[in-house]
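# Reading the structure
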Amino acid sequence: NMKTKNFIGIALATALALPAAAQTDTRPVPAQPQASTLPANWQHGVFMEVFVRGYQDSNGDGIGDLKGLTQRLDYLKKLGVSGLWLMPITASSDHDHGYATTDYRNIEPQYGTLADFDELIGEAHKRGIGIVMDYVINHASWQFPPFQQAAADRNSPWRSRFVWNPNPGPGWDIWGKYPWYDAAQKLWTWTGEWKDLPPIAPGSPDIFFGTFGPHMPDFKLRNPAVVQYHEESRRVWRNRGLDGDRLE
């Protein structure tokens, strides 16, 4: 598929041009337990799912943001809402629904800042409203710096945190179905036809696995280091007062 090959070619070129110094925050995050100030059994009340981008714009740029959501809390309280479920608000490459994560520990810049997040949490809790958010654990964006490092360097410590097959052959179709992202031509299977592009390194081509398409490579969740990274990243949000998350 030419479109898929061109997309992955761009990803490869970006990976090869990535500065060696590019880093992702992987520091340990100690747990900081906090007593909840929310009413008992708030989790069993009325929840509202919020696509922040499409809800309330606070600064007139046409994009919903965290400050805008904070401004609507009194209204939501009057509606009887006891919990907000946020679609991903972490930085992403799609800048849309947010499921192609590029930074698991920071806010999508178009939505605001970590300070805006803290304000939202604090004001929601004052009104007895809890907040949970989607956390994307299955995959990252192809623009996630560790994936680009793994693609460019087989010796990268991040290499083993994604799923690779250096010498694919026939039979890699997983379910025998056509996926939504290329239903007409490509099976839901290993993605990244490196053999038709400049190789990442001399030798056999490299193929990575992405359930939802080549723009979102899957993490290798059997690797304890991957699980630990996500545990640490989730603590970032819990320590800031997030009341729960939905693993995507």
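Thresholds applied
- Residues numbered from 1 in each chain as written.
- Predicted model: local features only at pLDDT ≥ 70, side-chain atom pairs only at ≥ 80, totals over all residues.
- Heavy atoms only, no water.
- Core = buried A, V, L, I, M, F, W, Y, C linked by side-chain atoms within 4.5 Å.
- Buried < 20%, exposed > 50% of the residue type's maximum accessible area, 1.4 Å probe, protein only.
- Helix = DSSP H or I, 4+ residues; strand = E, 2+ residues; numbered from the N terminus.
- Contact = heavy atoms within 4.5 Å.
- pLDDT = per-residue confidence, 0-100.
- Phe/Tyr/Trp six-rings, centres within 6.5 Å; stacked < 30°, edge-to-face > 60°.
- Expected span 1.5 Å × (residues − 1).
- Arc of directions from axis to C-beta.
- Polar contact = N/O pair within 3.5 Å; in protein donor to acceptor, adjacent residues only side chain to side chain.
- Salt bridge = Lys/Arg side-chain N within 4 Å of Asp/Glu carboxyl O.

Another point: the nonpolar core. Leu 66, Leu 84, Leu 86, Ile 89, Phe 117 and Ile 131 are the most contacted members of the largest nonpolar core, which has 24 residues in total. Elements with a contribution of two residues or more to this core: helix H2 (66-71), helix H3 (73-78), strand S2 (81-86), helix H4 (114-126), strand S5 (130-135) and helix H6 (224-239). No other element matches H4, which puts four residues into this core. Beyond its immediate chain neighbours, meaning those up to four positions away, Ile 89 contacts Val 52, Leu 66, Asn 106, Ile 107, Glu 108, Tyr 111, Phe 117 and Met 133. Counting residues in hydrophobic clusters, the runner-up holds 16 residues, among them Ala 150, Phe 162, Phe 208 and Val 226.

Keep in mind that low pLDDT regions are not for reading the predicted coordinates in detail. Overall, the predicted model of the protein chain reaches an average pLDDT of 81, with 74% of residues at or above 70. Here residues 1-21 is modelled with pLDDT under 50, and outside its nearest four sequence neighbours on either side it reaches 32 contacts, counting other chains as well. Scored below 50 in pLDDT, residues 171-204 shows 82 contacts in the model against residues more than four places distant or in partner chains.

Attention now goes to the packing of aromatic side chains. Two descriptors summarise a pair of aromatic rings, namely the distance from one centre to the other and the angle between the planes of the rings. Under the counting rule described, the total for this entry stands at 13 aromatic pairs. Here Tyr 104 and Phe 144 contribute two aromatic rings whose centre-to-centre distance is 5.5 Å and whose plane-to-plane angle is 80°, an arrangement assigned as edge-to-face. You can see Tyr 104 sitting in strand S4 (residues 101-107) and its partner Phe 144 sitting in the loop between S5 and helix H5 (145-152), a full 40 residues away along the chain. Phe 144 carries the same exposure label as Tyr 104, and that label is buried. Ring centres of Trp 158 and Tyr 229 lie 5.6 Å apart, and the angle between their planes is 85°; this geometry places the pair in the edge-to-face category.

Quick look at H4 now. Across its 13 residues, H4 extends 18 Å between first and last C-alpha, which sits within 8% of the 18 Å expected from 1.5 Å per residue. Listed in full, the buried residues belonging to H4 are Asp 116, Phe 117, Leu 120, Ile 121, Ala 124 and His 125. Summarising the axial view, the buried residues of H4 lie within an arc of 165°, below the 170-degree limit, and thus occupy one face. Across from the buried face of H4, at angles greater than 90 degrees, the exposed residues are Ala 115 and Lys 126. Its buried side turned inward, H4 meets H2, H3, S2, S4, S5 and H6. For H4, the N-terminal cap is Thr 113; the gap from its side-chain oxygen to the backbone nitrogen of Ala 115 is 3.3 Å. Phi for Gly 128, located one or two positions after H4, is positive at around 75°.

The end-to-end C-alpha separation of H6 is 22 Å, in line with the 22 Å expected for 16 residues at 1.5 Å each. Buried residues of H6: Val 226, Tyr 229, His 230, Glu 232, Ser 233, Val 236, Trp 237 and Asn 239, and no others. Looking at the buried residues of H6, the elements they touch are strand S3 (90-92), S4, H4 and S5. Two residues or fewer after H6 comes Gly 241, characterised by a positive phi angle close to 110°.

A few words now on the pattern of salt bridges. Evaluation of the coordinates by the stated rule reveals 13 salt bridges. Across the salt bridge formed by Arg 240 and Asp 118, the nearest N and O atoms sit 2.8 Å from each other. One end of the pair, Arg 240, is in the loop between H6 and strand S9 (244-247); the other, Asp 118, is in helix H4, with 122 residues separating them in the sequence. Taking relative accessible area as the criterion, Asp 118 reaches 31% and is therefore assigned partly exposed. The partner of Arg 235 in a salt bridge is Glu 232, with the nearest N and O atoms 3.0 Å apart. Taken together, the residues Arg 235 and Glu 232, both in helix H6 and three residues apart, mark about one turn of the helix. Overlapping salt bridges, with partners in common, bring together Asp 74, Glu 123, Lys 126 and Arg 127 in one network.

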